[in-house]
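# Observations on the model geometry
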Amino acid sequence: MTEKKHILSILVDNEPGVLSRIAGLFSGRGYNIESLCVAETNDAKISRLTMVTAGDSVILEQIKKQLNKLINVIKVADLTGQDYVERELVLIKINAKAEHRAEILRINEIFRGRIVDVGLEHYMISVTGDSDKINAIINLLKPYGIKEIARTGSIALYRENQTKV
Amino acid sequence: MTKLTGSQILMAMLKEEGVDTIFGYPGGAVLDIYDELTRTDLRHILVRHEQGAIHAADAYARASGKVGVCLVTSGPGATNTVTGIASAYCDSIPVVIFTGQVPTRLIGNDAFQEVDIVGITRPCTKHNYLVKDVKDLARVIREAFHIARSGRPGPVLVDLPKDVSNSKVIFKVPDEVELRSYNPTYVPNRKQLSKVVELIKTAKKPVIFSGGGIILSKAHRELADLAQKTRIPVTSTLMGLGGFPATNPLWLGMLGMHGTYRANLSISECDLMIAVGVRFDDRVTGKVDEFATNAKIVQIDIDPTSIQKNIQVDVPVVGDCKITLEILNQMIDHEDLGNVEESREPWLHQINEWKKTTPLKYKQGKKIKPQFVVEKIYELTKGEAIITTEVGQNQMWAAQYYHFDQPGRFITSGGLGVMGFGLPAAVGAQVAAPDKFVIDIAGDGSIQMNIQEMATAVQYNLPVKIAILNNGFLGMVRQWQELFYDRRYSSTMFQHAPDFVKLAEAYGAVGLRATTPEEVEPVLRKALSTPRAVIMDFVVEPEESVYPMVPAGAPITKMLLV
Ligand SMILES: Cc1ncc(C[n+]2csc(CCOP(=O)(O)OP(=O)(O)O)c2C)c(N)n1
Ligand SMILES: [Mg+2]
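Conventions and cut-offs
- Residues numbered from 1 in each chain as written.
- Chains lettered and ligands numbered in written order.
- Predicted model: local features only at pLDDT ≥ 70, side-chain atom pairs only at ≥ 80, totals over all residues.
- Heavy atoms only, no water.
- Helix = DSSP H or I, 4+ residues; strand = E, 2+ residues; numbered from the N terminus.
- Rg over C-alpha atoms; globule rule 2.2 N^0.38 Å.
- Buried < 20%, exposed > 50% of the residue type's maximum accessible area, 1.4 Å probe, protein only.
- Contact = heavy atoms within 4.5 Å.
- Lys, Arg positive; Asp, Glu negative; His and termini not counted.
- Charge placed at Lys NZ, Arg CZ, Asp CG, Glu CD.
- Areas by Shrake-Rupley, 256 points an atom, 1.4 Å probe, with all protein chains shown as cover.
- Near = heavy atom within 4 Å.
- Polar contact = N/O pair within 3.5 Å; in protein donor to acceptor, adjacent residues only side chain to side chain.
- Nonpolar A, V, L, I, M, F, W, Y, C, P; charged D, E, K, R; others polar.
- Buried area = accessible area lost by both parts, 1.4 Å probe.
- Salt bridge = Lys/Arg side-chain N within 4 Å of Asp/Glu carboxyl O.
- Domains from an automatic or database assignment.
- Pairing = 2+ DSSP bridges.
- Axes fitted to C-alpha atoms, helices over the stretch in contact; angles between N-to-C directions.
- Donors = N, O, S within 2.8 Å, 3.2 Å for Na, K, Ca; no water.

## Quick word on the overall build of chain B
For chain B, the count of helices and strands is 22 helices and 20 strands. Taken over the C-alpha trace, chain B has a radius of gyration of 24 Å; the compact-globule value for 562 residues is 24 Å, and the two agree within 12%. For the C-alpha atoms alone, the extent of chain B along its principal axes is close to 70 × 60 × 40 Å. Evaluated residue by residue, chain B yields a buried proportion of 60% over its 562 residues. Excluding contacts between residues fewer than 6 apart, the proportion of contacts in chain B whose partners are at least 24 apart in sequence is 75%. In chain B, 59 positive and 62 negative side-chain charges are present, and the distance between their average locations comes to 1 Å.

## Things to note about the overall build of chain A
From N to C terminus, chain A includes 4 helices and 9 strands. Along chain A, helices and strands appear, N-terminal first, in the series β-α-β-β-α-β-β-α-β-β-α-β-β. Referenced to the eigenvectors of the C-alpha coordinate spread, the extents of chain A come out at roughly 55 × 40 × 35 Å. The 165 residues of chain A split such that 44% are buried. Counted over contacts in chain A with a minimum sequence separation of 6, partners at least 24 positions apart contribute 73%. When the accessible surface of chain A is totalled, it reaches about 8900 Å², and 50% of it is carbon and sulfur. Between the mean site of the 23 positive side-chain charges and the mean site of the 21 negative ones, chain A shows a separation of 1 Å.

## Considerations on the site of ligand 1
Residues and elements named next belong to chain B. Neighbouring ligand 1 are 17 residues; Gln393, Asp444, Gly445, Ser446 and Gly475 lie closest to it. For ligand 1, an oxygen atom lies 3.0 Å from a polar atom in the side chain of asparagine 394. A distance of 2.9 Å separates an oxygen atom of ligand 1 from a polar side-chain atom of aspartate 444. In isolation ligand 1 exposes 580 Å². Once the protein is present, 76% of that is buried. Of all elements in the fold, only helix H17 (393-401) and helix H20 (475-484) reach the threshold of two or more residues within the shell around ligand 1. By residue number, the principal contributor to the shell around ligand 1 is H20, which donates 3 residues. Broken down by class, the residue content of the shell around ligand 1 amounts to 7 nonpolar, 9 polar and 1 charged.

## Looking at the interface of chain A and chain B
Contacts between chain A and chain B engage 18 residues on the former and 16 residues on the latter. Across the chain A/chain B interface, buried area totals approximately 1500 Å², and carbon plus sulfur atoms make up 49% of it. On the chain A side of the contact with chain B, Arg21, Lys69 and Ile71 of chain A bury the most area, a combined 43% of that side's loss. At the junction of chain A with chain B, the criterion picks out 2 salt bridges. Along the contact surface separating chain A from chain B lie 8 residue pairs in polar contact (both at pLDDT 80 or more). Of all the elements in the fold, those that place two or more residues in the side of chain A that touches chain B are helix H1 (18-28), helix H2 (57-69) and strand E4 (73-78) of chain A. At 6 residues, H2 of chain A tops the list of elements feeding residues into the side of chain A that touches chain B.

## Looking at the domain arrangement of chain A
Residues and elements named next belong to chain A. Considered domain by domain, chain A is made up of domain 1 (4-78) and domain 2 (85-156). One C-alpha centre belongs to domain 1, the other to domain 2; they are set 29 Å apart. Contact residues are listed per partner, giving 9 residues for domain 1 and 7 residues for domain 2. Both sides of the domain 1 and domain 2 interface together cover about 510 Å² of buried area, and 58% of this is carbon and sulfur. Elements supplying a minimum of two residues to the side of domain 1 that touches domain 2: strand E1 (4-13), strand E2 (35-40) and strand E3 (46-55). In terms of residue class, the side of domain 1 that touches domain 2 is built from 4 nonpolar, 3 polar and 2 charged.

## A look at the domain arrangement of chain B
Residues and elements named next belong to chain B. Split by domain assignment, chain B resolves into domain 1 (3-170), domain 2 (190-357) and domain 3 (370-539). Between the C-alpha centres of domain 2 and domain 3 there is a distance of 31 Å. Contact residues are listed per partner, giving 15 residues for domain 2 and 18 residues for domain 3. Surface buried jointly by domain 2 and domain 3 totals about 1300 Å² across both partners, of which 68% is contributed by carbon and sulfur atoms. When the buried area of domain 2 at its contact with domain 3 is split by residue, Leu238, Leu241 and His258 rank highest and sum to 40% of it. Run the count over domain 2 and domain 3 and you get 0 salt bridges. The tally of links between domain 2 and domain 3 comes to 4 residue pairs in polar contact (both at pLDDT 80 or more). For the side of domain 2 that touches domain 3, the per-class residue count stands at 9 nonpolar, 4 polar and 2 charged.

## So, the side chain of serine 181 of chain B
With respect to the secondary-structure elements, serine 181 of chain B resides in the loop between strand E8 (168-170) and helix H9 (190-202). There is a polar contact of 2.4 Å between the side chain of serine 181 of chain B and the backbone oxygen of isoleucine 71 of chain A. In this structure serine 181 of chain B touches Asp13, Leu70, Ile71, Asn72, Val73 and Ile74 of chain A, once residues within four positions along its chain are discounted.

## Here we look at the sheet that holds E1 of chain A
Residue and element names in this part refer to chain A. The 4 strands are arranged E2-E3-E1-E4 in an open sheet whose pairing can be described as antiparallel. Two strands in the sheet have a free side with no partner beyond their single neighbour: E2 and E4. Neighbour-to-neighbour, the strand axes of this sheet turn through a mean angle of 20°, independent of strand direction. Sheet topology places E1 next to E4; 5 bridges connect them, and they run antiparallel. What sits directly across from valine 12, in E4, is valine 73. Helix-sheet contacts for H2 involve E1, E3 and E4, and the interaxial angle to E4 is about 160°.

## A closer look at unusual backbone geometry
Residues and elements named next belong to chain B. Backbone torsion omega between tyrosine 547 and proline 548 reads -5°, so that peptide bond is classified as cis. Residue position: proline 548 is located in the segment after strand E20 (534-539). Unlike most non-glycine residues, aspartate 486 shows phi in positive territory, near 50°. Secondary-structure assignment places aspartate 486 in the loop between H20 and helix H21 (500-506). In this structure, arginine 487 is a non-glycine residue whose phi angle is positive, near 60°. When you line up the elements, arginine 487 lands in the loop between H20 and H21. With a relative accessible area of 48%, arginine 487 lands in the partly exposed category.

## Looking at the pattern of salt bridges
Between side chains of opposite charge, a pair can form as their charged atoms come close. Residue and element names in this part refer to chain B. Inspection of every chain in the model, using the stated rule, returns 41 salt bridges over all chains. For glutamate 543, the salt bridge identified is with arginine 487, shortest N-O distance 2.6 Å. Of this pair, glutamate 543 sits in the segment after E20 while arginine 487 is found in the loop between H20 and H21, placing the two residues 56 residues apart along the sequence. Here the residues in one salt-bridge network are Glu16, Glu17, Arg142, Arg149 and Glu176, joined through shared partners.

## A few points about the coordination of the magnesium ion (ligand 2)
Six octahedral donors around a metal ideally sit at 90 or 180 degrees from one another, while four tetrahedral donors ideally sit at 109.5 degrees. Residues and elements named next belong to chain B. Those protein atoms acting as donors to the magnesium ion (ligand 2) are Asp444 (OD), Asn471 (OD1) and Phe473 (O), and they sit at 2.0 to 2.1 Å. Motif for the magnesium ion (ligand 2), donor spacing along one chain: D-x26-N-x1-F. Within this pair, whereas aspartate 444 is found in the loop between strand E17 (438-443) and helix H19 (453-459), its partner phenylalanine 473 is found in the loop between strand E18 (465-470) and H20, the two being separated by 29 residues in sequence. In this structure, aspartate 444 and phenylalanine 473 share a single accessibility class: buried.

And the structure:
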């Protein structure tokens, strides 16, 4: 069976220890976490956890069932294959020598990024988009010398008039 | 309104949950709770080691059908329960464990006897709580009992900081629990069940494969009804023993690594397997790729994670075993199955042939055979005793040669396989069933792991009987070394052993010994007629092995036979 990337959107009780239950479940059973993003929802008692994981269909089914089995997990939705919006934010600190500045700015513009910090020798760029877009800009900027990167990991929501989570 | 301390709330809530007996061991962090205990009519059984408390609570739950409760102090008291919690988790036994904790203001400071027991037990509890505010206590206790006993049962731990147990709050009995994130599915999907009915109608060689879920959901009558009216033979896991009467002609015996020849062959030959309350553990399936390859598989379980985990099934049914079988039986009653007596005849005949040619057997010898001891125990107790076991060969011989007709009679650490389980389990079972014979079928190795609980048995006048199958070896490990490591007995032979008869006497119990086959019955009779705790030391054939045996990872048809 083939491994596939899945975006899971998980609603959990906003309580201490919940993240550790989920992380423990994944490490204990040898499942993958590619990225993980957690924050409170509009209901302060509930947090949304967006996770990118990978596995074949049998593993994915187990992952979803195992998550649902945790008492603090309210709902698990697999967005993959649905109509959804995915966003990720990245901060890229990049070497910006005088001769490269124009080219870097042009790439930044194409990706609708923003320069959030400037120095004599560097730029910090902030870009949002789905992970493919983020990967693309990182690849384009690599030749100029990326100093540091911070990525948020994906967050995602269903488009309206789909089953909601 | 009056204010109550956390300890008083705990007592009130235990009463509210119908608890009358708890197993525990005191310490600094639970002093207030223990003090409060003196002002209640709760029965507290003081064990001699916290592992004893949790195993006893586990067995108490199985023998009584209630939730077992265990109370221990922080730090080492709490960590000593971890093995037992993990065992109860594997076997899906409803227990609630209360652990003391250092005061909330000290948590995280590496205080004396502080340990993050909630962190430690996260992967081996169904759920756990750290109560940080006495205001939450009553609700948490209510939730803990609800979670422990509902759905697929399991252990729930509640960590109680010392300031929570001694500070006061207005107490009100909380309403029934409502957890938006926890709603087990009890009632199955009927569409799935009609598929099952269709499969039953066309199957020529069907088998029911039952497990601990039958016992946990008390579905034994529904199971017997299903088997009887469809004439489908039944095999079960270790945890399922007693879920179907072993004296019923449709009984195949246990399956798996030490299963019967006919059970294992039936599984590989069957064209329909109805699995109820099982999780397809590797000790049962052997090599997964060659497990029941000819069969359509139906799996009924209340826990969706148990379905499609190890084995791909054709008809998954999520639901409580009892409710599901009840509905299935009703649906079958409205169907015409034809003359099942006749249509099942060839299959049942085949199974009988397997039973005739290759029954469970052992060879008698000059020395006592351990299987013979178990057979005699069965005979003399007429199958009515509660049997607990340790782990190893003793456990397997108990499963093979004591024939269980009723649920709740076989209490063993199945999933985790904890040596040292049997004696404290016997204590817990005897507390729950004071009028029954409770017998721990033990190994000479395992019994030494929680032997201190003899003192508990004697203190509370619990007339438990310990039958040590004393082979001088860590027998089950020795057996693997004999078969797969050219008899290199690395660290499995005891060079020294205590005199178990004197040890019993030192504890204030009765000690008996049998060294020849002729002495077995008199010793057992003496023990059964002694209204006190008794240790029987059966000096058995040292190198006897458990057969049939399926080597680890082999298909279950590849049995080594006697
Ligand atoms: C706590 C624990 N430690 C180690 C084991 C591994 N183990 C399984 S069976 C066994 C031997 C048990 O010896 P004994 O109690 O004498 O029983 P016998 O097999 O001889 O009947 C061992 C060491 C275990 N199951 N549990
Ligand atoms: Mg032994």
